[in-house]
Amino acid sequence: MDATEAATVAEEFFDTYTRHLLDRDAAALADAYAVPALIEFPRQRILVTDPSQTEQFFAGAFGQYEGIKDASTTITVPAATDHSIWVVVEFEYDGPDDVIPGERNMYQLVRVDGG
């Protein structure tokens, strides 16, 4: 996969992902994650063995986004293969700064069943 295609796939994926975040749609967000999975945070590691874990995680986290009405992303693709795209996403939120000033995460997008 060339760099332009990888960037396009990442942008399309995260446009949808961000919409699901803003809609507080935990089920749709959970559908975006592979199972089994390992989610790494500072001082926290979550081994995901069932899709309901991801849905419950997001449902429990939505409170911290109270007041957020819109978000923008800056997407960087440091690496891509035919199977995976590694993406750094910086989220900037339109809402009270004391809610969440912004986030920066790295994701691995994996090609499954041609998509």
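Above this note sits the structure.
Residues numbered from 1 in each chain as written. Predicted model: local features only at pLDDT ≥ 70, side-chain atom pairs only at ≥ 80, totals over all residues. Heavy atoms only, no water.

Asks: Even after reading the chapter, I still don't get empty space enclosed by the protein, so can you show me in this structure?
Replies: All chains considered together, the criterion is met by one cavity of 30 Å³ or more. The computed volume of the largest cavity comes to approximately 40 Å³. Every residue along the wall of the largest cavity is listed here: T18, L21, L22, R24, Y65, I68, A71 and Y93. Looking at which element gives the most residues to the lining of the largest cavity, the answer is helix α1 (residues 3-22), with three residues. Across the lining of the largest cavity, the residue classes tally to six nonpolar, one polar and one charged. (1 Å grid on protein atoms, 1.4 Å probe; cavity = no way out; pocket = protein on both sides within 12 Å on 5 of 7 lines; lining within 4 Å. Points joined across faces, edges and corners; volume = space filled by probe spheres on them. Helix = DSSP H or I, 4+ residues; strand = E, 2+ residues; numbered from the N terminus. Nonpolar A, V, L, I, M, F, W, Y, C, P; charged D, E, K, R; others polar.)

Asks: How should I be thinking about the nonpolar core in this particular structure?
Replies: In globular proteins that are soluble, nonpolar side chains generally tend to be buried together. Core analysis: the largest hydrophobic core is formed by 20 residues, its most contacted members being F14, Y17, F58, V87, F91 and Y93. Only α1, α2 (26-31), β4 (84-94) and β5 (103-110) provide two or more residues apiece to this core. When near neighbours in sequence (up to four residues on either side) are disregarded, V87 contacts A10, F14, I75, T76, P78, N105, M106, Y107 and L109. (Core = buried A, V, L, I, M, F, W, Y, C linked by side-chain atoms within 4.5 Å. Buried < 20%, exposed > 50% of the residue type's maximum accessible area, 1.4 Å probe, protein only. Contact = heavy atoms within 4.5 Å.)

Asks: Can you walk me through the sheet that holds β5 in this structure?
Replies: To summarise the sheet geometry, strands pair through backbone hydrogen bonds and adopt either a parallel or an antiparallel arrangement. Across the sheet, which stays open at both edges, the three strands sit in the order β3-β4-β5 with antiparallel pairing between neighbours. Two strands in the sheet have a free side with no partner beyond their single neighbour: β3 (70-80) and β5. For this sheet, the mean inter-axis angle between neighbouring strands, taken without regard to orientation, is 25°. Both β4 and β5 contribute to a ladder of eight bridges, which runs antiparallel. Each bridged residue has a counterpart across the sheet, and for E90 the counterpart in β5 is R104. (Pairing = 2+ DSSP bridges. Axes fitted to C-alpha atoms, helices over the stretch in contact; angles between N-to-C directions.)

Asks: Looking at this structure, I do not really get the side chain of T54. What am I missing?
Replies: Tracing the backbone through its elements, the reader meets T54 in helix α3 (residues 51-61). A relative accessible area of 3% places T54 in the buried class. Dropping the residues within four chain positions of it, T54 is found in contact with A30, Y33 and V48.

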